[in-house]
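So the chains spell out like this:
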Amino acid sequence: ETGVTQTPRHLVMGMTNKKSLKCEQHLGHNAMYWYKQSAKKPLELMFVYNFKEQTENNSVPSRFSPECPNSSHLFLHLHTLQPEDSALYLCASSQGRPGYTEAFFGQGTRLTVV
Amino acid sequence: AQSVTQPDIHITVSEGASLELRCNYSYGATPYLFWYVQSPGQGLQLLLKYFSGDTLVQGIKGFEAEFKRSQSSFNLRKPSVHWSDAAEYFCAVAEAGNMLTFGGGTRLMVKP
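Structure report, in brief. (Residues numbered from 1 in each chain as written. Chains lettered and ligands numbered in written order. Predicted model: local features only at pLDDT ≥ 70, side-chain atom pairs only at ≥ 80, totals over all residues. Heavy atoms only, no water.)

1. Structural notes on the interface of chain B and chain A
Every contact between the two is made by 22 residues of chain B and, on the other side, 20 residues of chain A. Buried surface at the junction of chain B and chain A, summed over both partners, amounts to about 1,600 Å²; 59% is from carbon and sulfur atoms. When the buried surface of chain B facing chain A is broken down by residue, Leu44, Met99 and Phe102 of chain B rank first, second and third, together holding 33% of it. Between the two partners, chain B and chain A, sit 1 salt bridge. At the surface where chain B touches chain A, the tally comes to 5 residue pairs in polar contact (both at pLDDT 80 or more). Of all the elements in the fold, those that place two or more residues in the side of chain B that touches chain A are β5 (32-38), β6 (44-50) and β10 (87-94) of chain B. When residues in the side of chain B that touches chain A are grouped by element, the largest group, 4 residues, is from β5 of chain B. Partitioned by chemical class, the residues of the side of chain B that touches chain A number 12 nonpolar, 8 polar and 2 charged. (Contact = heavy atoms within 4.5 Å. Buried area = accessible area lost by both parts, 1.4 Å probe. Salt bridge = Lys/Arg side-chain N within 4 Å of Asp/Glu carboxyl O. Polar contact = N/O pair within 3.5 Å; in protein donor to acceptor, adjacent residues only side chain to side chain. Helix = DSSP H or I, 4+ residues; strand = E, 2+ residues; numbered from the N terminus. Nonpolar A, V, L, I, M, F, W, Y, C, P; charged D, E, K, R; others polar.)

Structure, rendered in structure tokens:
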């Protein structure tokens, strides 16, 4: 069992659909993150949660809505996305204060918006 | 603001040859430095990290990196590359208390 598990691995959705990405970490970490990885662009931090509280929102459009019910689970709710939102969405977790320790990544969800 | 530059977008080396991937960062104090590797369709795996102390750090899979403050660099090295090392490599930097900032990545191809 990997430390950080993301589901689904692949997702194709229309621009009017609503879907959710799920992330679960089995490492006992307190911080969780969403990153976006687009072709030809560096990884972009989207959101940070620490002990279930959102501590960072990197100017992400409201069509992306995160949810963190507990320190082990993180969701990214998607609605009315645009084709340019197609990307690999990576979840990560870390122990301790965010920014002070290394992050452990899941395998990502490859999202295609049609 | 912190930034990370990986000057080489693609690098091709022969199997068994040595490897050096470059990373330069922009930050006033000593940052926390990381190298991650990403295989196709996979997430990122931590290879090594530098927080303080010895400036030559050893990582997994036979990789090492050296922090050079005077050059603001944290280059990744491996003495002998294996075909399984073909992947994309990301350098990342964090100011204490700030989030990771990633470089654009270097795609490594290994020739037989």
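That shown, we press on.
2. Description of the packing of aromatic side chains
This structure, assessed with the given rule, holds 14 aromatic pairs over all chains. Ring centres 5.8 Å apart and planes at 50° place the aromatic pair Tyr36 of chain B and Phe102 of chain B in the tilted group. With Tyr36 of chain B in strand β5 and Phe102 of chain B in strand β11 (residues 101-102), the pair connects residues that are 66 residues apart, well separated along the chain. Both residues of the pair, Tyr36 of chain B and Phe102 of chain B, count as buried. An aromatic cluster of three or more residues is present, and its members are Tyr33, Tyr35 and Phe105 of chain A together with Tyr32, Phe34, Tyr36, Phe51 and Phe102 of chain B. (Phe/Tyr/Trp six-rings, centres within 6.5 Å; stacked < 30°, edge-to-face > 60°. Buried < 20%, exposed > 50% of the residue type's maximum accessible area, 1.4 Å probe, protein only.)

3. A few points about the side chain of Glu64 of chain B
Residue and element names in this part refer to chain B. Mapped onto the elements of the fold, Glu64 is located in strand β8 (residues 64-68). At a separation of 3.2 Å, a polar atom in the side chain of Glu64 contacts the side chain of Gln58. Excluding residues within four positions of it along the chain, Glu64 makes contact with Leu48, Leu56, Val57, Gln58, Asn75, Leu76 and Arg77.

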